[in-house]
Amino acid sequence: VQLQAFGGGLVQTGGFLRLSCAASGRTFRSRYMAWFRQAPGKEREFVAAIRISGSYTYYSESVKGRFAISKDNAKATVYLQMDNLRPEDTAVYYCAGDPSVIQSNIRTQSAYADWGQGTLVTVSS
């Protein structure tokens with residue numbers, strides 16, 4: 001198993017959650033790690049990404065200012081801190097990695113070969 005995601009759950013509007021993604025094997029050698037999400041009836045969309053060497057971060061407009069992606073290289077783990085959650089954030093969240101991903105395609109899900117199993121986040125109104 002290359003990626004394992006944890007931390008989803010049920011939270012009220014305005015609440016917070018922290019997702020974790022533990023990487024192993026070749027995925028740990030990725031330049032970038034990312035979070036995507038898929039809401040019911042919708043396509044999977046990019047949420048955030050982080051460069052593993054250094055700390056450059058990238059966000060979708062819908063989560064910028066509310067979510068924060070971070071990493072712990074020693075633990076080979078990437079986190080997604082989600083604050084001020086909204087009902088529209090309800091989705092299955094996936095972490096992704098791939099050693100071939102470069103900056104120009106970090107927002108493209110097809111660029112990633114390694115995916116975690118997904119963790120469900122439900123935000124009640």
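Summarised in this report is the structure supplied together with it. (Residues numbered from 1 in each chain as written. Predicted model: local features only at pLDDT ≥ 70, side-chain atom pairs only at ≥ 80, totals over all residues. Heavy atoms only, no water.)

**Digging into the overall build of the chain**
Then, in step 1: Looking only at helices and strands, the chain has 0 helices and 11 strands in total.
Then, in step 2: Counting helices and strands in the order they occur from the N terminus, the chain gives β-β-β-β-β-β-β-β-β-β-β.
Then, in step 3: Relative to the globule expectation of 14 Å for 125 residues, the C-alpha radius of gyration of the chain, 13 Å, shows essentially globular dimensions.
Then, in step 4: Look at the contacts in the chain between residues 6 or more apart in sequence, and 56% of them connect residues 24 or more apart.
Then, in step 5: For the chain, the computed accessible surface area is about 6300 Å², with 50% contributed by carbon and sulfur atoms.
Then, in step 6: If the 14 positive side-chain charges of the chain are averaged to one point and the 9 negative ones to another, these points end up 5 Å apart. (Helix = DSSP H or I, 4+ residues; strand = E, 2+ residues; numbered from the N terminus. Rg over C-alpha atoms; globule rule 2.2 N^0.38 Å. Contact = heavy atoms within 4.5 Å. Areas by Shrake-Rupley, 256 points an atom, 1.4 Å probe, with all protein chains shown as cover. Lys, Arg positive; Asp, Glu negative; His and termini not counted. Charge placed at Lys NZ, Arg CZ, Asp CG, Glu CD.)

**A closer look at empty space enclosed by the protein**
Then, in step 1: One pass over the full model with this rule turns up 1 cavity of 30 Å³ or more.
Then, in step 2: Counted as a void, the largest cavity has a volume near 70 Å³.
Then, in step 3: What lines the largest cavity is a set of 11 residues, and nearest its centre among them are Phe-28, Ile-52, Ala-76, Thr-77 and Val-78.
Then, in step 4: Only strand E7 (67-72) and strand E8 (77-82) provide two or more residues apiece to the lining of the largest cavity.
Then, in step 5: Among the residues making up the lining of the largest cavity, the classes are represented as 6 nonpolar, 3 polar and 2 charged. (1 Å grid on protein atoms, 1.4 Å probe; cavity = no way out; pocket = protein on both sides within 12 Å on 5 of 7 lines; lining within 4 Å. Points joined across faces, edges and corners; volume = space filled by probe spheres on them. Nonpolar A, V, L, I, M, F, W, Y, C, P; charged D, E, K, R; others polar.)

**Some remarks on the nonpolar core**
Then, in step 1: Within the largest apolar cluster, 27 residues are counted, with the highest numbers of intra-cluster contacts made by Trp-35, Leu-80, Met-82 and Tyr-93.
Then, in step 2: Only strand E1 (3-6), strand E3 (17-23), strand E4 (32-38), strand E5 (45-51), E7, E8, strand E9 (91-97) and strand E11 (119-124) provide two or more residues apiece to this core.
Then, in step 3: For this core, the element with the highest residue contribution is E3, accounting for 4 residues. (Core = buried A, V, L, I, M, F, W, Y, C linked by side-chain atoms within 4.5 Å. Buried < 20%, exposed > 50% of the residue type's maximum accessible area, 1.4 Å probe, protein only.)

**Quick notes on the pairing of E4**
Then, in step 1: Here E4 lies mainly inside the structure; 6 of its 7 residues are buried.
Then, in step 2: When E4 meets E5, the two strands line up antiparallel, connected through 6 bridges. Following the sheet pairing, Ala-34 is matched in E5 by Ala-49.
Then, in step 3: In textbook terms, the turn of a hairpin is the stretch between consecutive antiparallel strands, and for E4 and E5 this stretch comprises 6 residues, one of which, Gly-41, has a positive phi near 75°.
Then, in step 4: As defined by bridge partners, E4 adjoins E9 across 6 bridges and the pair is classed as antiparallel. Across the sheet, residue Phe-36 finds its bridge partner in E9, namely Tyr-94. (Pairing = 2+ DSSP bridges.)

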